Protein chains: 2
Amino acid sequence: MRRLSTQEQNFKQVFADLLAFETVSDPELLKTVDQIIADVRLYGDAHVLKLTQQFDRHPAHQFSDLEVSQQQLKAAFDDLDKDVRAALEMAAVRIRAFHEAQKQDGWTYVDALGNTLGQKVTPLDRVGIYVPGGLASYPSSVLMNAVPAHVAGVQEIIMVVPAPNGELNPLVLAAAYLAGVHRVFTIGGAQAVAALAYGTETIPQVDKITGPGNRFVAAAKRAVFGQVGIDMIAGPSEILVYAEGVNNAKWLAMDVLSQAEHDTVAQAIFITPDEQLLNAVAEAVEIHLANLPKADIARTSIKNRGALVLVKDRTEAIELINQVAPEHLELCLDDAEAMSHQIRHAGAIFMGRYTPEAIGDYCAGPNHVLPTSGTARFSSPLGVYDFQKRSSLIMCSQDGVKSLAKTADILAQQENLDAHARSARYRYL
Amino acid sequence: MRRLSTQEQNFKQVFADLLAFETVSDPELLKTVDQIIADVRLYGDAHVLKLTQQFDRHPAHQFSDLEVSQQQLKAAFDDLDKDVRAALEMAAVRIRAFHEAQKQDGWTYVDALGNTLGQKVTPLDRVGIYVPGGLASYPSSVLMNAVPAHVAGVQEIIMVVPAPNGELNPLVLAAAYLAGVHRVFTIGGAQAVAALAYGTETIPQVDKITGPGNRFVAAAKRAVFGQVGIDMIAGPSEILVYAEGVNNAKWLAMDVLSQAEHDTVAQAIFITPDEQLLNAVAEAVEIHLANLPKADIARTSIKNRGALVLVKDRTEAIELINQVAPEHLELCLDDAEAMSHQIRHAGAIFMGRYTPEAIGDYCAGPNHVLPTSGTARFSSPLGVYDFQKRSSLIMCSQDGVKSLAKTADILAQQENLDAHARSARYRYL
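Residues numbered from 1 in each chain as written. Chains lettered and ligands numbered in written order. Predicted model: local features only at pLDDT ≥ 70, side-chain atom pairs only at ≥ 80, totals over all residues. Heavy atoms only, no water.

A. Structural view of helix H16 (residues 401-414) of chain B. With 14 residues, H16 of chain B should cover 20 Å at 1.5 Å per step; its first-to-last C-alpha distance of 20 Å lies within 8% of that length. Along H16 of chain B, the residues that are buried comprise Val401, Leu404, Ala405, Thr407, Ala408, Asp409, Leu411 and Ala412 of chain B. On its buried face, H16 of chain B sits against helix H5 (82-102) and helix H15 (357-362) of chain A together with helix H17 (418-425) of chain B. Immediately beyond the C-terminal end of H16 of chain B, within one or two residues, lies Asn416 of chain B, with a positive phi of roughly 55 degrees. (Helix = DSSP H or I, 4+ residues; strand = E, 2+ residues; numbered from the N terminus. Expected span 1.5 Å × (residues − 1). Buried < 20%, exposed > 50% of the residue type's maximum accessible area, 1.4 Å probe, protein only. Contact = heavy atoms within 4.5 Å.)

In structure tokens, the structure reads:
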């Protein structure tokens, strides 16, 4: 695994290059996606069915074949192995508990003039959840997207999941049942995003689309943004592990590999001021790789984007962490909590030696949909707040409005907005 | 002014057509914007200067001529007319007070197993505020963008405002001073957005860009979304006024016109179950238009996109309002607050007869940057929360992690993520 040290002369440049990751926007892909969206708007169900038959080789004959009934969802849940079912249920309960704590309420206050001001919080009416199909079809992602929507009070949660050759992961359906998804369609790609954004004869138009997908899905989400809300454009997964003091190198190495096994472009970085520990982790990574089912993916990820970084001290590490703004951050040291106060940017912070990132992916409670590629600088984990929105409330009293109206009158005149000024003036003159 | 009644047979279609507004995406414009962004990334300051000289006819000779010093901001503030200064100060104080109430704090809790879970809230490091230049250069917009960022704790607020022919509205500079803007550059268009998103030799790279602009600015914001955060893609302004019972038709008509005067594509809709009031408002609109400075704009707006809608009752009105999801909603009736509980979607709700929308534009306290074109279905007013972001916190105890790790182990195996499973297993076996 690549080794870097902040003491090297060109460290800053090398480290910046390591972090750089840009999804090239492909004009051909954008054209294809725009065309798909236009055609779905024009031809509705028929076009979605046609593309699903074509791209997913789905054996459906009519559009109704693409909907999965609640009975089918329940059957998938009932058929689960006992241990898997218990695990999924525990995950759902914990995710729900954490997200309940996130729920926001409205508030009002009365100002000194007697005017009432406030903020009303309401759930979105209807949302669409995109769940990738095939290999990357994860039941945990269903819970992580649907539970926050459910907690927010969304009345209708529509899930789309492509079913290549008509095949579906039953665990994904079971998770949909458990999470309270209202309708499920086995469609995917840009056509699914377009159908959710604009509605078809069968698929109701939603207000927001969340969930990750391939580059067609990402491009389609960007294109329909504004027509509907979207969560974020997800990049490859990342982990940054910082360790200090007594640590088990085998554990740390496996934590690093747990991101690397996701994707050849995933990024796993290990930082420590302890050169011995760095050596031990490097060695443990190689040992683990020798018998990891996804060793090929992990090896490529680590070769291309991974690094072991030796720092002078914790202060230097904090600087690097804030520069990276990692999706997942593990702080494996005694006073992890104290260190966390100095972290300005991270999707999720896993503190102490008994908090592997993997438990956050499934059942710790917080969401596993997190800002990637440094976007933790300005964005947040997926949460209940993504399925709620706010309206401002203003109610002036007959007396209380007077000084406000006078102020508005003066400022509106400065902006040459005469109707504004006169509308205000009526209330105080 | 166009009249509609829900009793007409084709009302639904006519009303839907009235609301329809789609900004056509122009491939030529997108190409131009992409090129500008690429060139600003490549050539930095030099290219921004060149485009500013070219598009804004700015007389600057070197890039440093494009920065406005804090001394200049202060001078603009000190030179204000006494009444205008007092009005601007009152607005800033009230906007700050409302937004302080919006500020979010982090939280943690300990679960039954002894694990700590929580959410950390941190401000963005640095943000860019786009303020339109020329005619639509509004000091109120400076306050509405900069004050929430300041309240959130953003360390560096960079404002860009184009100065056609090098000319600036001194009130905009005064507002920047009052709101605590840290640096001001007189640049605009896609080049300003690109400079903020990627940074140049002089302009620091920001984490988020907020504020409205023309279609070049909107296209550039969409293009850099992901590289930085953006607030929203703003559409034309709208108002929906609902009135019932005793009302002053002149007031209502002026409230309607206060949106219509903004823009020929602004939308002003008046709804009532009272036909006499509808007639009176129609008449008052015409009378006002006869001596309104911006009558031409308002008349075009009303002709193209305005309507007076007669409904059967309040229930029907509520349905229409939730369909429109208006940016601004006035409820001019006795029990406005009770009615507001049934409104699911609106940017801001102005309640009662003494709460004209115009005071919300300047000094009521809530933000005047609001979701337009029905996007209140899924988005919120600009707020302190736009300048804060969250990180999840997870800290397991040595005992508390055991059952979580076991659950993660089981689910990770189902997802064929072996390194995840093994990383979890280390913590409980």
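B. Spotlight on the interface of chain B and chain A. Taken together, the contact pairs 121 residues of chain B with 120 residues of chain A. Summed over both sides, the interface of chain B with chain A buries roughly 10600 Å², with 59% coming from carbon and sulfur. Taken together, the connections running from chain B to chain A amount to eight salt bridges. In this structure, the salt-bridge partner of Arg94 of chain B is Asp111 of chain A, at a minimum N-O distance of 2.7 Å. The interface formed by chain B and chain A holds 67 residue pairs in polar contact (both at pLDDT 80 or more) in total. (Buried area = accessible area lost by both parts, 1.4 Å probe. Salt bridge = Lys/Arg side-chain N within 4 Å of Asp/Glu carboxyl O. Polar contact = N/O pair within 3.5 Å; in protein donor to acceptor, adjacent residues only side chain to side chain.)

C. Structural view of the relation of the copies chain B and chain A. For the pair chain B and chain A, the superposition axis carries a translation of 0.0 Å, the fit reaches an RMSD of 0.0 Å, and the rotation angle comes to 180 degrees. Each copy turns onto its partner about a two-fold axis. No C-alpha of chain B approaches the rotation axis more nearly than that of Arg222 of chain B, which lies at 4.0 Å. Both copies present the same face, since 99% of the interface residues in chain B are matched by interface residues at the equivalent positions in chain A. (Least-squares fit on C-alpha atoms with pLDDT ≥ 70 in both.)

D. Just unusual backbone geometry, in detail. One non-glycine residue with positive phi stands out, namely Ser373 of chain A, at about 50 degrees. Its relative accessible area of 41% is what places Ser373 of chain A among the partly exposed residues.

E. Focus on the domain arrangement of chain A. Considered domain by domain, chain A is made up of domain 1 (3-21 + 235-364), domain 2 (27-105 + 123-230) and domain 3 (396-425). The centre of domain 2 of chain A, based on its C-alpha atoms, is set 48 Å off from the matching centre of domain 3 of chain A. (Domains from an automatic or database assignment.)

F. Highlighting the UniProt feature "binding site: Zn(2+)" (unreviewed entry) in chain A. Here, UniProt's "binding site: Zn(2+)" (unreviewed entry) annotation points to Gln259, His262, Asp361 and His420 of chain A. The greatest C-alpha distance among the annotated residues, which extend across 162 residues, is 56.0 Å, indicating that they are dispersed rather than converging on a single site. For His262 of chain A, the position within the fold is in the loop between helix H10 (249-260) and strand E11 (267-272). Among all residues touching His262 of chain A, those that are not within four sequence positions of it are Tyr138, Ser237, Ile297 and Asp361 of chain A together with Leu417 and His420 of chain B. Checked against the element boundaries, Asp361 of chain A lands in helix H15. Look at Asp361 of chain A and you get buried, because its relative accessible area is 8%. Those residues within four positions of Asp361 of chain A in sequence are excluded, and the remaining contacts are Ser140, Met144, Gln259, His262, His328 and His368 of chain A together with His420 of chain B. (UniProt positions renumbered as here; feature names shortened; annotations may be inferred.)

G. Looking closely at the UniProt feature "active site" (unreviewed entry) in chain A. Residues and elements named next belong to chain A. Mapped onto the present numbering, the UniProt feature "active site" (unreviewed entry) falls at Glu327 and His328. Locating Glu327 in the fold gives a position in the loop between helix H13 (314-324) and strand E13 (328-332). Here Glu327 is in contact with Pro236, Ser237, Glu238, Gly347, Ala348, His368, Leu370, Pro371 and Thr372, once residues within four sequence places are set aside. Within the structure, the side chain of Glu327 is placed 2.9 Å from the backbone nitrogen of Glu238, a separation counted as a polar contact. Looking at where His328 falls in the secondary structure, it is placed in strand E13. Of the polar contacts made by the side chain of His328, one reaches the backbone oxygen of Glu238; its length is 2.8 Å.

H. Representation of the side chain of His420 of chain A in the model. Considering the arrangement of structural elements, one finds His420 of chain A in helix H17 (residues 418-425). Residue His420 of chain A is classed as buried on the basis of its relative accessible area, which comes to 0%. At 3.2 Å, the side chain of His420 of chain A and the backbone oxygen of Ser258 of chain B are in polar contact. A distance of 2.6 Å separates the side chain of His420 of chain A from the side chain of Glu261 of chain B, its partner in a polar contact. What His420 of chain A contacts, discounting residues up to four positions off in sequence, is Ala412 of chain A together with Ser258, Gln259, Glu261, His262, Glu357, Ala358, Asp361 and Tyr362 of chain B.

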